[in-house]
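Analysis of the macromolecular model
Here are the chains, one letter per residue:
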Amino acid sequence: MEEKIEISILLNLYGNLLTETQKNYMDLYYNQDYSLSEIGDNENITRQAVRTILVKSKRKLYEYEQKLKFMEKENNIKKLIEQLQNSKNDSEKQKYLKKIQENLDY
């Protein structure tokens, strides 16, 4: 998965766990395609300061995913649903439904 897309998904899942500043800068950079300079100019800080905030925020998002695994579980469930939709008989469907339920149990 492309890193920008992955970060955008992680931001959607865990963004509320970041500070407002971190969340805002991540959104501007990863979702709205602002450059480091554009964010810095708008916020009256240096490009390097923006970069530092983004690096720390990105690290935090990956830490949350490593611990909570919401994106991994969501991806597993999506694959299982696709397999369920393509299954031909009831026993296969039951198998995939059971696996989906296992992924939903936290």
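Everything discussed here concerns the structure shown above.
Keep in mind that what you see is a predicted model, and the values were worked out from it rather than measured.

The rules behind the values
- Residues numbered from 1 in each chain as written.
- Predicted model: local features only at pLDDT ≥ 70, side-chain atom pairs only at ≥ 80, totals over all residues.
- Heavy atoms only, no water.
- Core = buried A, V, L, I, M, F, W, Y, C linked by side-chain atoms within 4.5 Å.
- Buried < 20%, exposed > 50% of the residue type's maximum accessible area, 1.4 Å probe, protein only.
- Helix = DSSP H or I, 4+ residues; strand = E, 2+ residues; numbered from the N terminus.
- Contact = heavy atoms within 4.5 Å.
- Salt bridge = Lys/Arg side-chain N within 4 Å of Asp/Glu carboxyl O.

This part takes up the nonpolar core. Ranked by internal contacts, the top residues of the largest apolar core, which has 15 residues, are Met-26, Leu-54 and Leu-61. Core analysis: the next-biggest nonpolar cluster, separate from the first, contains five residues, Ile-77, Leu-84, Tyr-96 and Ile-100 among them.

This part covers the side chain of Ser-57. Within the secondary structure, Ser-57 sits in helix α4 (residues 47–68). A residue is classified by how much of its surface remains accessible, and Ser-57, at 0% relative accessible area, is buried. Each residue touching Ser-57, except ones within four places of it in the same chain, is listed here: Leu-18, Gln-22 and Met-26.

We now examine the pattern of salt bridges. For the structure on display, the rule yields four salt bridges. One salt bridge connects Lys-58 with Glu-3, and the closest N-O pair in it is separated by 2.7 Å. Remark: Glu-3 occurs in helix α1 (residues 3–14) and Lys-58 occurs in helix α4; sequence separation between them is 55 residues. We note a salt bridge from Asp-33 to Lys-4, for which the minimum N-O separation is 3.0 Å. Note that Asp-33 is positioned in the loop between α2 (20–31) and α3 (36–43) and Lys-4 in helix α1, a separation of 29 residues in sequence. Using a relative accessible area of 31% as the deciding quantity, one classes Lys-4 as partly exposed.

Everything listed here is a matter of geometry and, on its own, says nothing about what the molecule does.
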